[in-house]
Structure formats: structure tokens, C-alpha cells
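Descriptive structure summary
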Amino acid sequence: MTDKDKLIANENGKEPTQGNAEKEATKQGSWFLGFAFLPFWILLFFAIVMPLFYRLPSALTIEDAGKGNFIGERAYTTLTNMVQIGQRLAGSSANEVDAVAFLLAEIEDIRSNMYTDYFTLEVDVQKTTGSHTYHNLSEMYEGVQNVVVKLSSINTTSDSYLLVNSHFDTVLTSPGAGDDGFMVCTVLEVLRVMSTSKQYFEHPVVFLFNGDEEMGMQASHGFITQHKWAPNCRAVINLDAAGSGGREILFQTGPGHPWLANYYKKGAKHPFATTLAEEIFQAGLIPSDTDYRIFIEYGDIPGLDFGQLINGYIYHTQYDRIEVIPPASIQNTGDNILGLVRALANAPELHDTSAYKTGHAVFFDFLGLYFVSYSENVGEILNYSVAGAALFLVFISVWRISAVSSLSSSYVVLRLISLLLIQLIAFVLAIGLPIVVAYLFDSFELSLTYFSSPYLLIGLYVCPSLIGLSLPITLYYHFEKNNKLSFTYLVQLGLHSWATILAVILVGITAYGIRSGYIITFSLVFYAVSLAINLFTTLHDRGYKWVGIVITFQVIPYLYLSYLIYTFIVAMTPMNGRSGSASNPDTEIAALSALGVILSLGFLVSLINVFRRPFLVIFGLVLVSAVGMYLASSTQLGFPYRPKTNSERIMYQHVRRIFYEYDGNVSKDESGYLFNFQDRREYRPYAGVNLTGLIRTEAQCEAYMMCGMPLFDERWVENRLQGGWLPRETIEPPYPTTLELLNKTVLENNTTVRFNFRVSGPPHLNIYLQPYKNDFVTITDWSFSQSYLQTPPEAPLSYHLFMTFGLTRPPMDFYVELSKPNGDFDVPCFQLGLSGHYMGDKGDESSINFASTFPSYATLVHWPSTYQRFIF
């Protein structure tokens, strides 16, 4: 009898014999069933998870109106009309005049059909001016607009309002069907349905259509800090987008108000939410932000933050059009938001939300079918309980194996420890191998190969992760020469060791305060239940009969956890096309893929060893990986970009920059294209574009304040070291951006000087200020934000004032006061940079010709700008 025969023969304490070994061997599954084991789970994903992920309700038509339901067809028609305005850039006539007029006309139409015996409707067009600090710059705005509507039930006595926010402005070039016209028209339809339904609600609802989100969430700041209704707003529903055409996800709640998630459960017909999204977003791993942060930070009100995430490839591009949005998508969102607004508009918690600030929430949906939420405290108890129960059941199983096999407990525990070490190695390999693949592809300048062909992720990352997870334990089972312990028990100990690892991780991250630990609880609890059933029914000790229970109870966690990770891959893959070039984005997708494998298949992969020839499965995984890597690296399938659907984002400015010295003489006057590379491949895919002379901006950043470039916003600042500068002939801006020194006055104490300036130019301006600190010069006062003055950006960054003008236009007067201990102000004291951005202008003929040379798969965002450096 062979060693393996001896290994599998000793069941129930019997001595290994030739007959027992042969009998036990026949119980192992056929090799072809083992070969089909993992493909079965992949098919299950495509058969159940994918259809449910993309499932949408049928859109209701006008014929369904009058029943108090959201009418998707009507909202879709409104959106169709709205996108005809075109791009709605803050400060443009399209945004400040046409879009506002469109909204007012829609609201007036709603008012004309409102049940006036039940409701009152008030409208206010707010023009607001102010500033707030965002990242390392001060967001300043003047004359930006909000269209604000308050709907109240007749005779309501509540002075607590619910705020519902969306924004009607867009980025440059985008018609903004998804971001954020979709949500604006959803809210308009919610307003229409609520005002024409005889359903009383206790709290007035304020519908905020804000006109400047894209330039730094400025209009929402103007509302929450200045509007007459803002002090009464007790909770907010924020609606935004990072994609278009699918379901909206609830990705932030609270903070500290778990009752809000309960109302989402009550009101949302089609739930889609997860705490994991909230924690990833708040960790800064998503290159976006929303008005929700403004309301939380400056209004101190809790809320819920929603966003579209599917098809993020067209987000902030010219292809964000209504054609990619099915009516069913707006019906899905409308059903949820209408139900949620109605629920919260009657919530008693709105009278005093502070009384219900009891901690964070844990929340998630199950395949869009059901929503689960509970408080963070309950989550901690649940996590610790499940981890403890799992470890206890593992202990019982070890004791049972020892008793039935007539082996000492220490012997069985040693086998468990050995397998624990093997599984730790597998855990590391399951994460490490995909990341190594991502690193190698990036080192050969082959990042983002999956960008347009997401199924390549199976070969690139999923299969390597499966190899890492399965190979160590399969080798262990193959070479283990133990002739005392039944092979079926050895396989069970392998699963127990995996459960032990998860339990320890769960305890650790729960103690650290990570609420997303619920995903481990979800996996662990089903294994614990299957183990309990096997123990209580004696299937535990009857050959391989326990396997069926384990597999059956892994179906639910597999479906959920694969659905969850797929959600993040769908969301983050397009984001890698706009996350900059500083780091390798493939490592994030590789890690996500590995996490999906570990969580959804961790208890299943080692079960290939209950079938004959498990190495055939591993060989199949190696083969699929090899094919996937070949397709990604050597065929057109691995090229990231496709016209219109999966575009390469290209962003640049046509810059004229002039450097004035202290005496007023010009030391530098040059023009060029300033590139802000949006993804890891940078300029390499710019086929057919003449880039002769392109240089990195890093050297400029070392030589000049803020690189001596018109760094537009925080993303331009963050990517400044990876930017590119392509010289060209002189650029003449559409009209000048000017700075005039009105006067310079030394104040009475003789150690302070005031400079008064006047600036004029386009609706989007940047001012950069940097005192000569080596001469102990400090800025002590100015016309701008005092809080920003007191918290200057860390070197080498300068003060950065980002200005947006809505209805108003420059010129703008401002002053700067400086202090210097020796009072000598007849020498250079500070640098001032001024940039004007002529957004919406396509530039001169050379710029237009240059833009035409980019490939068809490119989507361009570009505009003329000026940069002037002064020394005073």
C-alpha cells in the first residue's frame, strides 16, 4: 500500500489497510469533476451576479402618472431637453443664463400643476460670493448661482428641513447628461411627483440645484453658509455621478448617524450600497469629491451621498451624452430617491438630529435584492461573536478528530499549525502574484491593458491569485507522508486553518475600527454554520460527505463577495484613466482582484484536493494566465483605448508665460502646451502627434514658484512633477489678463507694507503668492480668507487662490500686507503669479491644427491660458 493510500485510509481510528485505502480512494471525485470545479463558480458569477448587478426596473410612462410614482419617461424627456443646452461651465452664459432659465421654466411648470390645497412652493435664485479651503488652495467664488426650491405641506409647523442637492454645471466639453444632469432631472421629477400627490409630509424639503460644483464645490458652500434656509436644514441627500447609465450607489452616510441608513432601507426599492465604499472614498483612494463634504464640514448636518458609478469611462468627457443612459436607469434612481425623500420628510429624528448621533453605521445590499444596516457597536459585537464562534467550532472539530482517530490532541493541533503556516503562505502568494504581474507589465510600459478588455483580468490577476491560493496547500497534501490522520480530516484542517486566519484578521481590523470587516464576517459565519451542521450530524466523520454542506453554504458568501468586489472593479477601472501618472494603477486592480479571490473562494479553492489529480486544475490556471498575459501584452486586445467608449483622456493648456523681474523687465517670454497627463501611459499613445521638444516640468518646479506654470486646480498641482511642456510659437490670448499695482503704502509702524492691486481677465483666475522667507518676510493680512492665510501650504507650494466668477466679471481689487522686521521694502519682498484661463476657447489656428492630430481614441480637454510672474 502506498503512502497516500495509508494517508486516506485511516478513518474513524481504523488501522490503514489495503482495502480501506482502496475504498477511501474511490470516494475521491473524478478528475474531470475537479477540473470543472472552479469553472462552475465562474459560470455562477456570470449567471447570477452579473444579471443582478446590471438589473434595472422598467421605466414608467406618462400613462402611469397620477399614482404618486416616479415617472421615468417624463424625467428622461426633461433630461433630453436639458442636455440641448450643451456644456454648462460655471461662469459661461450657458450655465449662468440658459441653465438657470431652463430650471426656472421647469419649476414654474411644476408649480402650475401643484396641488395648492396641500402644498406651498417657494423659489429663490441665490447669487453668492465666498471662499473655502480645499486641498492646498483657497476656492474663491463671486456671483455663482443656486436655484433653490422649498416645498412644504400646508399648515406644517416643522422648522426642520430636508435638503436634496444636485448640480447643473458641467466640466469643459461635456454636455453633462450623467454628471449631473441625470440627478438634476431626477430631482425635478421627485419635486413634480411630491407636489402633485396627496401625500402629506411633515418636514419642508429644500431642493438645491447648485450652479458651481465642478470648480471646487463652491455653490454648495455659498448655500450652506449664507442662504436663509440653510440654518433649518437638518439632513442632506446629495446626488452626484462618476459614471452614467446604471444604478446609483449609496457610498457615504452620517457621519455618526446610523438612523439614516434605516430610512434608506425603508425608502429605497432597489438598494445598492456598501460601507466599504464609504471607507475607501474617505481614505482618499477615489480621485473625486462631492458637495456632501461641504455640507458635512460647513453645515454640520448629516446625510447620505449617492453617485452613479457604472460606465465611468465617459465621465467628464464629450461622450457623457443621453444616448448612453437608458430610461430604466433614471427610473431606478427616481424610485429610490422619491421613496427616501418621502421617508426622511416624515422622520421624527429631523427635529433634533444631534440626539441621534450614536456612531457610524455598517450597511450593504445583497445583490440589489435586500438592504442590511446596523450600528457600528452592533457590528463590533457581531464580528467578535462570529470570530469567537468560528474558533470555538474549530476547537471542537480538532477535539473530535483527535477522539475519533485515537490520536492525541497535540498531534492534531500540530497538523493544524502546519496547515496554518501553509495557508499564510497561500494568503501572501494570492495577493503577491497579481501585484507582481501588475509591476512587471508596468515596467514594460504595458499598464492598463485591461482598460477596454476587462475579461483580461481573469488571466492577468484572478488566475495568478488562484494559483497562489491553491498551490501551497496542494503541494502540502501531495508530499505529506502522515499515515495516522485520515486525508478527509486533513482537508478539513486546511479549511479550519483558513477560518482561523480570517477570524484573527477580523478581530484585528474590528479592534482598529474598520467597519468593512463585515465582509469577513459574511464569509466566516457561513463556514461556521456549515461546520456546526457537520459536527452535529456526524457528517464531519463520514468520509467526504461533509464537503457538500460546506459547498452549499459557500454559495451565498461567494455570490455576495464576488458581487461586492466586482462593484469596485467596475468603479475603479475607469478611474485609472484619470488618476494621473505618478503611480502604477494596475496594482490597485490587481489587489482588488486578489481580494475578490481570497474572500469569495478562500474556503473553496483547497477543495480541488477532494478530487483526483488536483494539479490538473492548477495547470489549467497556469495555462489561462499565460494566454491572458499573451493577449494583454502582444495583441490589440491589450491596447487600453477605444474611440468614444474607452477614450484616452488628454488635458493640456496653450500657455503664454511671461516673467517680470523686480525692475519690470521681462526675463522670459515663451509659449507652449502644458500637459497634465491623466493616466500611466502619459504621452506614449499619442500616435501621429508631433511631440518633438517635449520636456518634463519637474525641472521647472525646482526653479520657479509653482513651476512657473498656470497650475489650474488641485489636480494640476498634485501632478505638477509629472507634467509635460511642449514649446511652440508665440500664443496671443483671446484678451489680456492684467495686474495693476494701484499703490504701495508703508504703514505707521514702518515694518508693514500694503500693496493694493487690481486684476482683470477671464471668469477663471489663479493668483499665487510667495514671500521671500529668507528675508523674514511674512504675509500678515490680505483681502482673502483669513483661515487660509493662517494655514499656508507646505513648501515648496505657495499660497494658491483659485477664483471663479459667475454672473459677475473682473476687475477685482485686493490688497496684500507684508511684515518685515527691518522695514526695508525697497527690495524684492514677494512673488505674485497670475494666470487667466480662457475655458471654452479653442485657441488660435495652430492650436486647432495641433488638436486635430490626436488619434480618434483620444478625448481632449484644452484651453488657452496665460501665466505672469511678478516680483514686488
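Residues numbered from 1 in each chain as written. Predicted model: local features only at pLDDT ≥ 70, side-chain atom pairs only at ≥ 80, totals over all residues. Heavy atoms only, no water.

Turning our eyes to something else, we now look at the overall build of the chain. When you go through the chain residue by residue, the secondary structure sums to 23 helices and 21 strands. Against the globule reference of 29 Å for 872 residues, the chain gives a C-alpha radius of gyration of 31 Å, in line with a compact fold. For the chain, the C-alpha atoms occupy an extent of roughly 105 × 70 × 55 Å along the three principal directions. Per-residue burial over the chain gives 61% buried out of 872 residues. For the chain, the share of sequence-separated contacts (at least 6 apart) that also reach a separation of at least 24 residues comes to 82%. As presented, the chain carries roughly 32000 Å² of accessible surface, and 59% of it is formed by carbon and sulfur atoms. Measuring between centres, the 55 positive side-chain charges of the chain sit 10 Å from its 77 negative side-chain charges. (Helix = DSSP H or I, 4+ residues; strand = E, 2+ residues; numbered from the N terminus. Rg over C-alpha atoms; globule rule 2.2 N^0.38 Å. Buried < 20%, exposed > 50% of the residue type's maximum accessible area, 1.4 Å probe, protein only. Contact = heavy atoms within 4.5 Å. Areas by Shrake-Rupley, 256 points an atom, 1.4 Å probe, with all protein chains shown as cover. Lys, Arg positive; Asp, Glu negative; His and termini not counted. Charge placed at Lys NZ, Arg CZ, Asp CG, Glu CD.)

Take the pairing of strand β21 (residues 858-871) next. Most of β21 is tucked away: 14 of the 14 residues are buried. Here β21 shows a buried face lined by Ala858, Leu860, His862, Pro864, Thr866, Gln868 and Phe870 and a second buried face lined by Thr859, Val861, Trp863, Ser865, Tyr867, Arg869 and Ile871. Sheet topology note: the strand β10 (residues 648-660)/β21 ladder contains twelve bridges and is parallel. Across the sheet, Arg656 pairs through a bridge with Thr866, a residue of β21. Pairing between strand β20 (residues 830-837) and β21: seven bridges, direction antiparallel. For Gln831, the partnering residue across the bridge sits in β21 and is Ile871. (Pairing = 2+ DSSP bridges.)

Strand order across the open sheet formed by four strands is β14-β15-β19-β17, with antiparallel pairing between neighbours. Of all the strands in the sheet, just β14 (738-746) and β17 (778-782) have a single pairing partner and so form its edges. The sheet shows a mean angle of 25° between the axes of neighbouring strands, direction not considered. (Axes fitted to C-alpha atoms, helices over the stretch in contact; angles between N-to-C directions.)

Let us now look at the packing of helix α13 (residues 409-443) against helix α18 (residues 586-601). Where α13 contacts α18, the two axes come as close as 8 Å, and the packing angle between them is 150°. Comparing their axes, α18 and α13 come out roughly antiparallel. As for how α13 packs across α18, the hand of that crossing is right-handed. Facing α13, whose interface residues are Phe427, Ala430, Ile431, Pro434, Ile435 and Ala438, α18 presents Asp586, Thr587, Ala590, Ala591, Ala594 and Ile598. (Parallel < 35°, antiparallel > 145°, perpendicular 65-115°, else oblique. Left-handed = near helix turned anticlockwise from the far one by under 90°.)

Before going further, it helps to spend a moment on the confidence of the model for the chain. Across the chain, pLDDT averages 94, with 97% of residues at or above 70. Ignoring residues within four places in sequence, the model shows residues 1-26, a span with pLDDT below 50, making 51 contacts including any to other chains. (pLDDT = per-residue confidence, 0-100.)

With that settled, consider the pairing of strand β16 (residues 764-771). Of all eight residues in β16, seven are buried; the element is thus mostly enclosed. Across six bridges, β16 lies against strand β18 (residues 799-805) in antiparallel orientation. The residue bridging Ile767 from the neighbouring strand is Leu801, located in β18. When β16 meets β20, the two strands line up antiparallel, connected through eight bridges. Pairing of Pro771 across the sheet is with Phe830, part of β20.

Turning our attention to the nonpolar core. Nonpolar side chains in soluble globular proteins tend to end up buried together. Counting 122 residues, the largest nonpolar core has Tyr461, Leu524, Tyr560 and Leu607 as its most contacted members. Here this core gets 17 residues from one element, more than from any other, and that element is helix α17 (residues 546-575). Phe201, Tyr263, Ala273 and Ala347 belong to the second-largest nonpolar core, a separate cluster that totals 64 residues. (Core = buried A, V, L, I, M, F, W, Y, C linked by side-chain atoms within 4.5 Å.)

The subject of this paragraph is unusual backbone geometry. The residue after Asp179, namely Asp180, is reached through a cis peptide bond having omega 5°. Within the secondary structure, Asp180 sits in helix α6 (residues 177-195). Here the amide bond leading from Gly254 into Pro255 is cis, since omega sits at 0°, within 30 degrees of zero. Topologically, Pro255 is positioned in the loop between β6 (248-254) and α8 (259-267). For Leu448, which is not glycine, the phi dihedral falls at a positive 65°. Among the secondary structure elements, Leu448 is positioned in the loop between α13 and α14 (456-479). We classify Leu448 as buried; its relative accessible area is 0%. The phi dihedral of Thr538 falls on the positive side, at around 65°, and the residue is not glycine.

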